[in-house]
Amino acid sequence: MKTLFIAAGLAAGILLSGSASALENTVKPEVTAPLASSPKVALLVGNSYSFYNCGVHTYLRGFMKEGKPKENMKTRLLTISSGSLSFHDMAFYLSPHEQDPYAKVKDGKLEHPMFDVVLLQENSAGATSAKRAPYFEKYVKLDSDIIRKAGSVPMVVMTWPKKDKPHEIKKLADTTIRIANDAKTQVIPVGLAFMEAIRERPELELYMPDKSHPSAAGSYLYGAVLYSTLFNRSPVDINYAGECEKPLPPETSAFLRRIAWKTVTEFYGWKK
């Protein structure tokens, strides 16, 4: 919650907790408009942050299945353990391959783009390490250009800081947003949602014991933010508790859905 300072005729201030809160970023996103239409095929490129707990795409599918109206977007997840964006061959991923159900080829050429949207998930150090940030910037720009040339929309997933380094969220968020702004690419504010959830319910465990990868609750929140952003639709009333034999308690899943929608609408300036 946001802490408010109140001067009540006293030399010292009084700290009160309010119901409102401000997101941790100071750099504002420049690409904020919802997608023109619901995507039908998505590619998510990343690392273990996205494939833990049976994959965030599995949670996203759960929200799509149970949401109203039901969404039938197909999702491909391509991840490399500990991989940065520089590990991935984006041009290769967006090219037709034998037996690829998403590739409709005529006379050796794609009849239409394979994916409507392509999500780029870097590891958190890419946005917080002075050594890695230039590579994060280089490949967001390079990959965004490749994705647009293929007829798809690029998006950048903002990850989260390590559990024992919550103070890094501002640097992580601002660096990610700045890099995406320079590439004219939209940011998906997953990391900000993590910190909002922790602020309101610090006892809720969003991390695995390694203090880095998401717990089932963390993957659930990640999926809820993706759903909110991709479809410009609230997940708050969706009756869905999770996947991979790790369903969450109803009150926990309801809380995380609320945080996801609150974060997304505040970050983009969307009307609720």
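Predicted, not measured: the structure shown is a model, and the values here were computed from it.

## A word on helix H2 (residues 56–66)
Right, on to step 1. Of all 11 residues in H2, eight are buried; the element is thus mostly enclosed.
Right, on to step 2. Of all the positions in H2, only Val56, His57, Thr58, Tyr59, Leu60, Gly62, Phe63 and Met64 are classed as buried.
Right, on to step 3. Among the structural elements, strand E3 (41–46), helix H1 (48–51), strand E4 (74–79), helix H8 (216–231) and helix H9 (250–268) are those in contact with the buried residues of H2.

## As for empty space enclosed by the protein
Right, on to step 1. Here the structure, examined in full by the defined rule, presents two cavities of 30 Å³ or more.
Right, on to step 2. Considering only enclosed or pocket space, the largest cavity measures out at about 40 Å³ in volume.
Right, on to step 3. In this structure, the largest cavity is lined by Ala42, Leu43, Leu44, His57, Leu60, Met73, Thr75, Leu119, Leu226 and Leu230.
Right, on to step 4. Residue composition of the lining of the largest cavity, grouped by class: eight nonpolar, two polar and no charged.
Right, on to step 5. What the second largest cavity holds in volume is close to 40 Å³.

## Considering the layout of surface pockets
By rolling a water-sized probe across the atoms, one finds the places where empty space is left.
Right, on to step 1. The calculated volume of the largest pocket comes to roughly 270 Å³.
Right, on to step 2. In terms of lining, the largest pocket is formed by 15 residues, of which the most central are Tyr49, Asn123, Ala125, Lys162 and Ser212.
Right, on to step 3. Contributions of two or more residues to the lining of the largest pocket are made by H1 and helix H4 (125–128).
Right, on to step 4. By volume, the second largest pocket is sized at about 150 Å³.
Right, on to step 5. The wall of the second largest pocket is formed by Glu66, Gly67, Lys68, Tyr227, Arg233, Ser234, Val236, Asp237, Ile238 and Asn239.
Right, on to step 6. Here the residues of the lining of the second largest pocket sort into three nonpolar, three polar and four charged.

## Things to note about the packing of helix H5 (residues 133–149) against helix H6 (residues 169–182)
Right, on to step 1. Taken N-terminus to C-terminus, the directions of H5 and H6 make an angle of 35°; their axes are 9 Å apart at the nearest point. Crossing handedness for the pair H5 and H6: right-handed. Across the interface between the two elements, Ala133, Phe136, Glu137 and Val140 from H5 touch Thr176, Arg178, Ile179 and Asp182 from H6.
Right, on to step 2. Split into classes, the residues belonging to the contact of H5 with H6 amount to four nonpolar, one polar and three charged.

## What to know about the state of the cysteines
Right, on to step 1. What the rule picks out here adds up to one disulfide.
Right, on to step 2. Sulfur-sulfur distance for the disulfide between Cys54 and Cys244 comes to 2.0 Å. Here the disulfide of Cys54 and Cys244 is right-handed, its torsion about the S-S bond being about 50°. Here Cys54 is found in the loop between H1 and H2, whereas its partner Cys244 is found in the loop between H8 and H9, with 190 residues between them in sequence.
Right, on to step 3. The class for Cys244 is partly exposed, based on a relative accessible area of 28%.

## A few points about the packing of aromatic side chains
The geometry of an aromatic ring pair is captured by two quantities: the separation of the ring centres and the angle between the planes.
Right, on to step 1. If you walk through the whole model with that rule in mind, you get 15 aromatic pairs.
Right, on to step 2. Each ring, one from Tyr49 and one from Trp160, has its centre 4.6 Å from the other, and the planes form 10°; the classification is stacked. Of this pair, Tyr49 sits in helix H1 while Trp160 is found in the loop between strand E8 (153–157) and H6, placing the two residues 111 residues apart along the sequence.
Right, on to step 3. The class of Trp160 is buried, set by a relative accessible area of 0%.
Right, on to step 4. Taken together, Tyr59, Phe63, Tyr220, Tyr227, Phe231 and Tyr240 form an aromatic cluster joined through their ring pairs.
Right, on to step 5. Above the plane of the ring of Phe255 lies Arg201, whose end atom (NZ or CZ) is 5.1 Å from the centre.

Quick notes on the rules
- Residues numbered from 1 in each chain as written.
- Predicted model: local features only at pLDDT ≥ 70, side-chain atom pairs only at ≥ 80, totals over all residues.
- Heavy atoms only, no water.
- Buried < 20%, exposed > 50% of the residue type's maximum accessible area, 1.4 Å probe, protein only.
- Helix = DSSP H or I, 4+ residues; strand = E, 2+ residues; numbered from the N terminus.
- Contact = heavy atoms within 4.5 Å.
- 1 Å grid on protein atoms, 1.4 Å probe; cavity = no way out; pocket = protein on both sides within 12 Å on 5 of 7 lines; lining within 4 Å.
- Points joined across faces, edges and corners; volume = space filled by probe spheres on them.
- Nonpolar A, V, L, I, M, F, W, Y, C, P; charged D, E, K, R; others polar.
- Axes fitted to C-alpha atoms, helices over the stretch in contact; angles between N-to-C directions.
- Left-handed = near helix turned anticlockwise from the far one by under 90°.
- Disulfide = S-S within 2.5 Å.
- Phe/Tyr/Trp six-rings, centres within 6.5 Å; stacked < 30°, edge-to-face > 60°.
- Lys NZ or Arg CZ within 6 Å of the ring centre and 35° of its normal.

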